Amino acid sequence: MTPRPPSDDSTQKKGATTNEHEHPSGAAVPKQAAKKAGAKKTPAKKTAAKKTAAKKTAAKKTDAKKTAAAKKAVAKKTAGAQGAVAAKKTAAPAKAAAAEQATGATEQPAKKAVAKKSAARKTTKKAAAKKTAAKKTAAGKVAAEEVGVTTAEKPVAVTGVLPPTASGPAIPEQGGPASGPAIPEQGTPAAEPVARIPEPRAEGTGGAGAAGGPGPEAPRIPEPRTPFSPAVDGGDRERLLHGTHHDPHSVLGAHPAPGGVVFRAFRPYALGVTVVADELRAELHDDGDGFFSAVLPLAAVPEAYRLLIAYEGTVQDTEDAYRFLPTIGEFDLHLIGEGRHEQLWEALGARPMVHQGVRGTAFTVWAPNARGVRLAGTFNFWDGTGFPMRSLGSSGVWELFVPSIDEGELYKFEIVRPDGTTTLRADPMARRTEAPPNTSSVVHASHHEWGDEEWLAHRADRPAHEAPFSVYEVHLPSWRPGLTYRQLAEQLPAYVKELGFTHVELMPVAEHPFGGSWGYQVTGFYAPTARLGTPDDFKYLIDALHRAGIGVIMDWVPAHFPKDDWALAEFDGRPLYEHEDPLRAAHPDWGTLVFDYGRREVRNFLVANAVYWCEEFHIDGLRVDAVASMLYLDYSREPGQWTPNEHGGRENLDAVAFLQEMNATLYRRVPGVVTIAEESTAWDGVTRATHHIGPGGFGGLGFGLKWNMGWMHDSLGYMSKDPVHRKYHHNEMTFSMVYAYSENYVLPISHDEVVHGKRSLVSKMPGDWWQQRANHRAYLGFMWAHPGKQLLFMGQEFAQGAEWSEGHGPDWWLLDPAYGAEPDHRGVRDLVRDLNGLYRRTPALWELDTDPSGFSWVVGDAAEDNVLAFLRRGSDGSPLLAVSNFSPVVRHEYRLGVPDDVPAWQEVLNTDAAEYGGTDVRTPHPVKPEAQPWHGRPASIRLTLPPLTALWLRPA
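Residues numbered from 1 in each chain as written. Predicted model: local features only at pLDDT ≥ 70, side-chain atom pairs only at ≥ 80, totals over all residues. Heavy atoms only, no water.

Trainee: How do you make sense of the overall build of the chain when you look at a structure like this?
Mentor: Along its length, the chain carries 20 helices and 37 strands. Across the 956 residues that make up the chain, the buried fraction comes to 57%. Taking as baseline every contact in the chain between residues at least 6 positions apart, the subset at least 24 positions apart corresponds to 72%. Accessible surface, the chain as shown: approximately 39100 Å² in total, 52% of it carbon and sulfur. (Helix = DSSP H or I, 4+ residues; strand = E, 2+ residues; numbered from the N terminus. Buried < 20%, exposed > 50% of the residue type's maximum accessible area, 1.4 Å probe, protein only. Contact = heavy atoms within 4.5 Å. Areas by Shrake-Rupley, 256 points an atom, 1.4 Å probe, with all protein chains shown as cover.)

This is the structure in structure tokens:
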């Protein structure tokens, strides 16, 4: 151990001077310190190894007179000592006499005790030179007049404690009084321990048969006791300094020790540390490198104590972080190890709490490959040296409860990798983050009081696939650029409610580095993006939407994560969240990393994350991004770039198991929730129950709905053609009905279709400005009548012509009455409002979305006319007739076959109406069927079909 400089103790303050010579162990030992003590000093304690005493047995050469004289001198000296027991002091003078004779000293019974002590030290020094370092001992003395603490029942202020020597532990003198461990001489007053520890008694030698004749029994020199030093030993010290200690609580804090309780603190840059417990107040000894320690005379470790930590210019008053039990229990650790902790956020991360009666924050992180983990943040100036965390066994979890840290503090974990290098990482479980580009995690506790009880009570009344479900997709930061969550709560619910959408889909929600994106490269899976406010602010927005009768879906991305060196990538120095096989870890398209779904802790991290958003934020549904990239091992990979599964196939069996577990867990825990898969392939059973095995041998993935990407691409391809060419692509509008009931579908005109040169929806349409808008309206009318749910990206509801821009969002100025073409855009918006209103009120459009009995073609092969017509029915059989004319000409008296049980048909929607910006070719009166069979039906009606129009008719 590196010698420390002498402490600035009370000896110097009293003006006492000491002459020092080098002690054999390296410590400076005073020569004449006993002069001031006078008769009050206890007899000098002598130290000698047993083997040395055997070789130099001076007792055999000492006659009875010499022994008696020595005893008399000692008795005289000790008569005035306070609290000394004279009957137990006989061994010390006998040893003193033996030591003097061994060194050739002349017998002088009247010689002062100081001279005997000096001679004894010389003898000890010579003996120590011959012995190994392990048998070196140090002499010490107790100044009774300077004892700072008595053995009173209640501790009082301590002016001196039991610090270690510069070279190591103090060694009790043999043959001295049974008064506890020896206290090294450093010129400081020493605290007498409350609990005295007796010296081991020597078993009798030198009785009546001993040399020199009969007389008092002379004790044998006892074996030296195991030494104790309060200072942190070399191994623990190095590990703490380098951040690789797995159990700092076993070293730091307060622990029972010989002579009382040892207190140790590790506070780099501190000038001093003082322990305060009830009436006890004691300064710890500075051991160097930020370590402080002392043994205090306490009978037991106090239930509570505080540390006064002096820094330059300030004193910090705090509880000791290393006196607390773990904040995470064995059951939590068991569930984490099993990968089954469904509320993982309540066990890991930063959790403000009251623990053992003290307010603070518990920090826990999963880092099984780390050699050590320390906590860094604003509370320690981003230096984690003095905040090492403890490992909780094989769970891989590290934990530390830090008193006084509360909400708003920034923090990260300083991780020592297996190779010894360090990395500073954001908390994977952080509930709040700094606003990008800053990357710190923020301590957070929610205080939001929900007001959506009525919404939640009825959310599960009807499953999503049998309910009206039209979604307004919103990129939150750009919907109204500059608005916060709370400001959005004042505008978004009112706007969505006016348009009649049943749900909003919000993106991006989870924290991510690049603001000008959809937020699919997530770095904070448990934290809403801080760009718009706090997590409670986000809850306020969701609450406002629910109170307006609007459900909330969020985009959720468990498919991959970015390689940022402060986030999840090689989190603890090795592949942890990503797959350890490089062929399976790297995503070839997006430059990201793929989760290791086969690792139970990683799967738990993601499943619990899905539950977290739905339980903590009352999210009503998750739209899961990039499911296809998860399901296939060869996704975007060439031959040789992927490894088949155990059956030789290309299915990612781990991802399949994860998705099944996620869906099953979420539907079990959160009534009324819906999960929606963005899955672009023909994978069988995406929306089938997980326990139903399909023809491929797999159970269903368990989603509630699936995006119909095929319908989107086919229908947009058809609409982009000039009407004169559409007859050659007629099947693109009908093919979706071939597989319409294979899954529970959503029809998405999403964000992906209005960026990167794909143009906005109205700009995809052919023709002049009027034809583009007419096509746009007709397409929306066809979409809302088609089996499946609806989704429309913001800006498309009023025919914005420009692509989406993260910088300015939708072109709201198009709806400004001062703008000349405002009626064109407002007409489209009014159509969307009316589509949603009629949709909600017409069960035939949603009740049997996933049942083939809810749909039948009237005419699906009129390619030359660019006409499509079909019937939708509700569970009670009530019909709705949807007719679409995708040609730019009026078709008069167009005959359509209809059922004969409907007396008349009334037009309820016409996308060519004047209020929507059309030519207003209408059929204002009810149309009665004729007995003429047509299109395989017993009756028919004749309609005038406006150009580029969708019509809805229902029984009059």
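Trainee: Sorry if this is basic, but what is going on with the environment of Ala310 here?
Mentor: Positionally, Ala310 belongs in strand β9 (residues 306-311). Owing to a relative accessible area of 23%, Ala310 belongs among the partly exposed residues under this scheme. Residues Ala310 and Thr274 lie 36 residues apart in sequence; the distance between their C-alpha atoms is 8.3 Å. If sequence neighbours within four positions are ignored, Ala310 has contacts with Ala270, Leu271, Gly272 and Val315.

Trainee: For this particular structure, what's the right way to read the pattern of salt bridges?
Mentor: For side chains of opposite charge, pairing can occur when their charged atoms come near one another. By the definition in use, this model includes 42 salt bridges. For Arg374, the salt bridge is made with Glu414, and the minimal N-O distance between the two is 2.7 Å. Of the two residues, Arg374 is situated in strand β13 (residues 372-377) and Glu414 in strand β16 (residues 410-416); the sequence distance between them amounts to 40 residues. Neither Arg374 nor Glu414 differs from the other in exposure class; each is buried. Within this structure, Glu505, Asp555, Arg623, Asp625 and Glu678 form a network of salt bridges that share partners. (Salt bridge = Lys/Arg side-chain N within 4 Å of Asp/Glu carboxyl O.)

Trainee: Looking at this structure, I do not really get the side chain of Thr318. What am I missing?
Mentor: Within the secondary structure, Thr318 sits in strand β10 (residues 314-319). Beyond its immediate sequence surroundings of up to four residues, Thr318 is in contact with Arg267, Arg306, Leu307, Ile309, Pro403 and Ser404.

Trainee: I tried to follow unusual backbone geometry on my own but got confused; where do I start?
Mentor: Negative phi values dominate among residues other than glycine, just as trans dominates among peptide bonds. The omega torsion across Pro436 and Pro437 is 15°, close enough to zero to call that bond cis. Cis peptide bonds are those with omega within 30 degrees of zero, and the linkage from Met507 to Pro508 qualifies with -15°. The residue Pro508 is located in the loop between β20 (503-507) and β21 (510-511) in this model. Phi is positive for Ser404, which is not a glycine, with a value near 75°. On the basis of relative accessible area, Ser404 is assigned to the exposed category, the value being 54%.

Trainee: Sorry, what's going on with the sheet that holds strand β5 (residues 272-277) here?
Mentor: Within a sheet, each strand pairs with its neighbour through backbone hydrogen bonds, oriented either parallel or antiparallel. One open sheet accounts for 4 strands, arranged β6-β5-β9-β10; its pairing is antiparallel. Looking along the sheet, the strands with just one partner apiece sit at the ends: β6 (280-283) and β10. With strand direction ignored, the average angle separating the axes of adjacent strands in the sheet is 20°. (Pairing = 2+ DSSP bridges. Axes fitted to C-alpha atoms, helices over the stretch in contact; angles between N-to-C directions.)

Trainee: Just checking my understanding: could you explain helix α11 (residues 535-547) for this structure?
Mentor: Because the α-helix completes a turn every 3.6 residues, residues three or four places apart line up on one side. An ideal rise of 1.5 Å per residue puts 18 Å on 13 residues; α11 measures up with 18 Å between its terminal C-alpha atoms. Among the 13 residues that make up α11, 11 are buried, leaving the element largely enclosed by the rest of the structure. Those residues of α11 that sit buried are Pro535, Asp536, Asp537, Phe538, Lys539, Leu541, Ile542, Asp543, Ala544, Leu545 and His546. Of the residues trailing α11, Gly549 is marked for its positive phi of about 80°. (Expected span 1.5 Å × (residues − 1).)

Trainee: Is there a simple way to think about empty space enclosed by the protein in this case?
Mentor: Gaps left between atoms are located by rolling a probe of water-molecule size over the structure's atoms. As enumerated under the stated definition, the model contains 11 cavities of 30 Å³ or more in all. For the largest cavity, the calculated volume is near 120 Å³. Elements with a minimum of two residues in the lining of the largest cavity: α12 (582-585) and α14 (627-631). Considered class by class, the residues forming the lining of the largest cavity number 7 nonpolar, 3 polar and 2 charged. For the second largest cavity, the calculated volume is near 90 Å³. Lining the second largest cavity are 13 residues; nearest its centre among them are Leu344, Leu348, Trp366, Tyr577 and Phe605. Taken together, the residues that form the lining of the second largest cavity break down as 9 nonpolar, 2 polar and 2 charged. (1 Å grid on protein atoms, 1.4 Å probe; cavity = no way out; pocket = protein on both sides within 12 Å on 5 of 7 lines; lining within 4 Å. Points joined across faces, edges and corners; volume = space filled by probe spheres on them. Nonpolar A, V, L, I, M, F, W, Y, C, P; charged D, E, K, R; others polar.)

Trainee: Hey, could you run me through the packing of aromatic side chains in this one?
Mentor: Given two aromatic rings, their pairing is described by the distance between the two centres and the angle made by the two planes. What the rule picks out here adds up to 44 aromatic pairs. When the centroid spacing of 6.2 Å and the interplanar angle of 40° are considered together, the rings of Phe363 and Phe379 count as tilted. With Phe363 in strand β12 (residues 358-366) and Phe379 in the loop between β13 and β14 (390-391), this pair connects stretches of sequence that are 16 residues apart. The burial state of Phe363 is the same as that of Phe379; both residues are buried. Ring geometry for Trp711 and Tyr779: centres 5.8 Å apart, planes at 20°, overall stacked. (Phe/Tyr/Trp six-rings, centres within 6.5 Å; stacked < 30°, edge-to-face > 60°.)

Trainee: I would appreciate a short explanation of the layout of surface pockets in the present structure.
Mentor: Looking at the second largest pocket, its volume works out to about 620 Å³. Sort the elements by how many residues they give to the lining of the second largest pocket and α14 lands first, with 3 residues. For the lining of the second largest pocket, the per-class residue count stands at 12 nonpolar, 10 polar and 7 charged.

Trainee: Looking at this structure, I do not really get helix α16 (residues 709-719). What am I missing?
Mentor: Among the 11 residues in α16, 8 count as buried, and that is most of the element. If you check which residues of α16 are buried, you get Met709, Trp711, Met712, Ser715, Leu716, Gly717, Tyr718 and Met719. Looking at the packing, one finds that the buried side of α16 touches β28 (705-707), α17 (731-734), β29 (745-749), α18 (761-764) and α19 (769-785).

Trainee: Mind showing me how you'd approach the packing of helix α10 (residues 485-499) against α11 here?
Mentor: Angle between the axes and distance between the axes are the two parameters that describe a pair of packed helices. Between α10 and α11, the least distance of the axes is 8 Å, while the angle of their chain directions is 10°. Regarding the angle of α10 to α11, the classification is roughly parallel. Residue-level inspection shows Tyr485, Arg486, Leu488, Ala489, Glu490, Leu492 and Pro493 of α10 in contact with α11, the latter providing Asp536, Asp537, Phe538, Tyr540, Leu541, Ala544 and Leu545. For the contact of α10 with α11, a count of residues per class yields 10 nonpolar, no polar and 4 charged. (Parallel < 35°, antiparallel > 145°, perpendicular 65-115°, else oblique.)

Trainee: It is not clear to me how the sheet that holds strand β8 (residues 291-296) should be interpreted in this structure. Could you clarify?
Mentor: Read across the sheet, 4 strands follow the order β3-β4-β8-β7 without closing on themselves; strand pairing throughout is antiparallel. Only two strands of the sheet have a single neighbouring strand rather than two, namely β3 (253-257) and β7 (285-288). Ignoring which end each strand starts from, the neighbouring axes of this sheet average 25° apart. Relative to β8, strand β4 (residues 260-266) is paired through 6 bridges, and the arrangement is antiparallel. Looking across to β8, one finds that Val262 is bridged to Val295. Across the sheet, helix α6 (residues 234-242) is in contact with β4, β7 and β8; its angle to β8 comes to roughly 140°.

Trainee: How should I be thinking about the packing of α10 against helix α20 (residues 822-841) in this particular structure?
Mentor: Two numbers describe how α10 lies on α20: the axes approach to 7 Å, and their chain directions differ by 70°. The pairing of α10 with α20 is recorded here as roughly perpendicular in orientation. Across the interface between the two elements, Tyr495, Glu498 and Leu499 from α10 touch Arg829, Val832, Arg833 and Asn836 from α20. Taken together, the residues that form the contact of α10 with α20 break down as 3 nonpolar, 1 polar and 3 charged.

Trainee: Sorry if this is basic, but what is going on with the environment of Ser715 here?
Mentor: In this fold, Ser715 is placed in helix α16. Taking the relative accessible area as the measure of exposure, Ser715 reaches 1% and is therefore buried. With residues near it in sequence (within four places) discarded, Ser715 still touches Glu732, Met733 and Tyr779. Looking at Ser715, its side chain comes within polar contact range of the main-chain oxygen of Trp711, at 2.7 Å. In this structure the side chain of Ser715 is engaged in a polar contact, spanning 3.3 Å, whose partner is the backbone oxygen of Met712. (Polar contact = N/O pair within 3.5 Å; in protein donor to acceptor, adjacent residues only side chain to side chain.)

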